[in-house]
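Each chain, letter by letter, is given below.
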Amino acid sequence: MLRKWLLASVMLAAIVAPAAADDVTAKMRDASKIALARPAGETTESTVRIARGDETIVGTLALPKGVEKPPVVLLLHGFTGKRDELEVAGTKEGVYSRTARLLAERGLASLRIDFVGSGDSSGKWEDTTTFSQIADAVAAFDWLKKQDTIDPGRIHVIGWSLGGLVASHLASVRPVDSATLWAPVANPAFSFGVVLGQDTVNKAMAATDPNELIEGTLPWGAKTSLKVPFFKSLFATDPVAAIAQYGGPLLVIVGTKDTVVTPQPAAGQLFLDYHTGEEGLMVLDTDHGFDAFTGPATLDEMVGATLSFIEAH
């Protein structure tokens, strides 16, 4: 009897969950159109430096002109990325630099950072771990708390891919007002078995020298090398467990064509399954890069939806 009940429950969830997600997606799409239709104001940007121990985190602070103490959004980039993120076809902007502009034009400040070892920040890429990136996010949040150009009582976070893992952990230890996760890594060990190859992960986990460089090939053909602690950190950080410690508003946006964090929308739904509080799952017909290689349309829709969600909180 229990087995039949469990099977019926699973089948019911499979039937109900997509309909609920479709409902949220339609509402968020409508909200996105309204948010982006508002007149665009002027913006300013400046480079900032944030100390974390002996390291220096470099970021870009975007502010809306004429808005006193606006809410601020902390933008956390993905694996091998940097603060502007990958270039959007047909524009001269990256995913995050465009996001920052669209937000600032409509009254929201943002801070996008290079994790230590990435972009203009100090440190070496091969020393990166999920723990170091979480520490960077915490340092950036704490820095924002001390700024007088933004409202330190209204700090939101957006994390993309591995940045979604980082954002989840940040939300579990700092009072973020809302968390928006774009194609977030839900199961790090599994995802990086996909991204770098399971043989690469297995080799790193079997290594005895923590300073050994492990080379992996990314799905798009580029190679990257990281030390063993990065791979071990994948098994020691759990973004779904972290989001379970966060009770604030949560929006997860995923694409059904994502072959990096997969399968979708199931991987995105995991966060909602363990989160308690206001939440929504927006499911789009897009890939892990939100079709940035073909143009800004999908990204802009996501930014508009995220803007609407943040302004509601």
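In what follows, the accompanying structure is described. (Residues numbered from 1 in each chain as written. Predicted model: local features only at pLDDT ≥ 70, side-chain atom pairs only at ≥ 80, totals over all residues. Heavy atoms only, no water.)

Concerning the overall build of the protein
Let me state the cut-off plainly: Working definition: helices are DSSP H or I runs of at least four residues, strands are E runs of at least two. Numbering for both runs from the N terminus. Here the globule rule is a power law, 2.2 Å times the number of residues to the power 0.38, and the radius of gyration is based on C-alpha atoms. Whether two residues are in contact is decided by their heavy atoms, any of which lying within 4.5 Å being enough. All accessible areas in this document rest on Shrake-Rupley with a 1.4 Å probe, and a residue is counted as covered only by the protein chains that are shown. Under this rule, positive means Lys or Arg and negative means Asp or Glu; His and the chain ends count for nothing. A charge is said to be at NZ when it belongs to Lys, at CZ for Arg, at CG for Asp and at CD for Glu.
For the protein, the helix and strand inventory stands at ten helices and ten strands. Computed over its C-alpha atoms, the radius of gyration of the protein comes to 19 Å, within 12% of the 20 Å expected for a compact globule of 313 residues. Intrachain contacts of the protein at a sequence separation of at least 6 include 70% that bridge at least 24 residues. Summed over all atoms, the accessible surface of the protein reaches about 13,600 Å², with 56% contributed by carbon and sulfur. Computed over 27 positive and 37 negative side-chain charges, the inter-centroid distance for the protein is 1 Å.

Considering the nonpolar core
Stated formally: In plain words, nonpolar cores are sets of buried Ala, Val, Leu, Ile, Met, Phe, Trp, Tyr and Cys residues tied together by side-chain atoms within 4.5 Å. Note on exposure labels: buried denotes an accessible area under 20% of the residue type's maximum, exposed denotes more than 50%, and partly exposed covers the range between, all computed with a 1.4 Å probe on protein chains only.
With 64 residues, the main nonpolar core has Leu74, Leu76, Phe79, Leu111, Phe231, Leu250 and Phe271 as its most contacted residues. Ranked by residues supplied to this core, first place goes to helix H3 (residues 130-144) with eight residues. The contact partners of Phe231, leaving out residues within four places of it in the chain, are Leu196, Thr200, Val201, Ala204, Met205, Ile214 and Leu226. Judged by nonpolar contacts, the second largest core, of 29 residues, contains Leu75, Val95, Leu251 and Phe290.

What about H3?
Condition: Between the first and last residue of a helix there are one fewer steps than residues, each counted as 1.5 Å, and that sum is the expected span. Whenever two N or O atoms come within 3.5 Å, that pair is a polar contact, provided that in protein one can donate a hydrogen and the other can accept it, and provided that, for residues adjacent in sequence, both atoms are side-chain atoms.
Its 15 residues give H3 an end-to-end C-alpha distance of 21 Å, which sits within 8% of 21 Å, the value for a rise of 1.5 Å per residue. With twelve of its 15 residues buried, H3 lies for the most part within the structure. The set of residues buried in H3 consists of Thr130, Ser132, Gln133, Ile134, Asp136, Ala137, Val138, Ala139, Ala140, Phe141, Trp143 and Leu144. At the N-terminal boundary of H3, the capping side chain belongs to Thr129, with an oxygen 3.2 Å from the backbone nitrogen of Phe131.

Considering the packing of H3 against helix H4 (residues 162-173)
Note the following rule: Orientation is described by lines fitted to C-alpha atoms, with helices fitted over the stretch in contact, and by angles between N-to-C directions that extend from 0 to 180 degrees. Oblique is the label for any angle not covered by the other classes, which are roughly parallel (under 35 degrees), roughly antiparallel (over 145) and roughly perpendicular (65 to 115). Two helices cross in a left-handed way if the nearer one is turned anticlockwise from the farther one by less than a right angle. They cross in a right-handed way if the turn is clockwise. In this count, Pro and Cys sit with the nonpolar residues alongside Ala, Val, Leu, Ile, Met, Phe, Trp and Tyr, while Asp, Glu, Lys and Arg are called charged and the others, Gly among them, polar.
Where H3 contacts H4, the axes come no closer than 9 Å and their chain directions differ by 55°. One finds that H3 runs oblique with respect to H4. In this structure, the crossing between H3 and H4 has a hand that is right-handed. Of the residues in H4, those touching H3 at Thr130, Gln133, Ile134, Ala137, Val138 and Phe141 are Leu162, Leu165, Val166, His169, Leu170 and Val173. Split into classes, the residues belonging to the contact of H3 with H4 amount to nine nonpolar, three polar and no charged.

Notes on the layout of surface pockets
Put simply, the rule is: Each cavity reported here is a set of points on a 1 Å grid over the protein atoms alone in which a 1.4 Å probe fits but cannot get out, each pocket an open set with protein on both sides within 12 Å along at least five of seven lines, and each lining residue one with an atom within 4 Å of a point. Grid points are joined across faces, edges and corners, and a volume is the space filled by probe spheres set on the points.
Estimates place the volume of the largest pocket at around 500 Å³. Together, 23 residues line the largest pocket, and Leu86, Trp160, Trp220, Val260 and His288 are the ones closest to its centre. If you tally residues by element for the lining of the largest pocket, the top one is helix H5 (residues 188-195), at three residues.

What about the environment of Ala37?
Counting through the fold element by element, Ala37 comes out in the loop between helix H1 (2-36) and strand S1 (43-52). With relative accessibility at 62%, the residue Ala37 sits in the exposed group.

Structural notes on the pairing of strand S2 (residues 55-64)
Rules: What makes two strands pair is DSSP finding at least two bridges between them.
Across the ten residues that make up S2, a large majority, eight, are buried. Bridge analysis of S1 against S2 gives ten bridges, and the strand direction is antiparallel. Its bridge partner lying in S2, Ile50 is registered against Ile57. Here S1 folds back onto S2, and the loop between the two strands holds two residues, one of which, Gly53, carries a positive phi near 60°. Pairing between S2 and strand S4 (residues 109-113): four bridges, direction antiparallel. Across the sheet, residue Leu61 finds its bridge partner in S4, namely Leu111.

Describing the pattern of salt bridges
Our working rule: Note on definitions: salt bridges are taken to be side-chain nitrogens of Lys or Arg within 4 Å of carboxyl oxygens of Asp or Glu.
Inspection of the entire model under this criterion finds 18 salt bridges. For the salt bridge of Glu105 with Arg101, the shortest nitrogen-to-oxygen distance reads 3.1 Å. Here Glu105 and its partner Arg101 are both found in helix H2 (residues 95-105), four residues apart, which amounts to about one turn of the helix. Among the residues examined, Glu105 registers a relative accessible area of 16% and is labelled buried.

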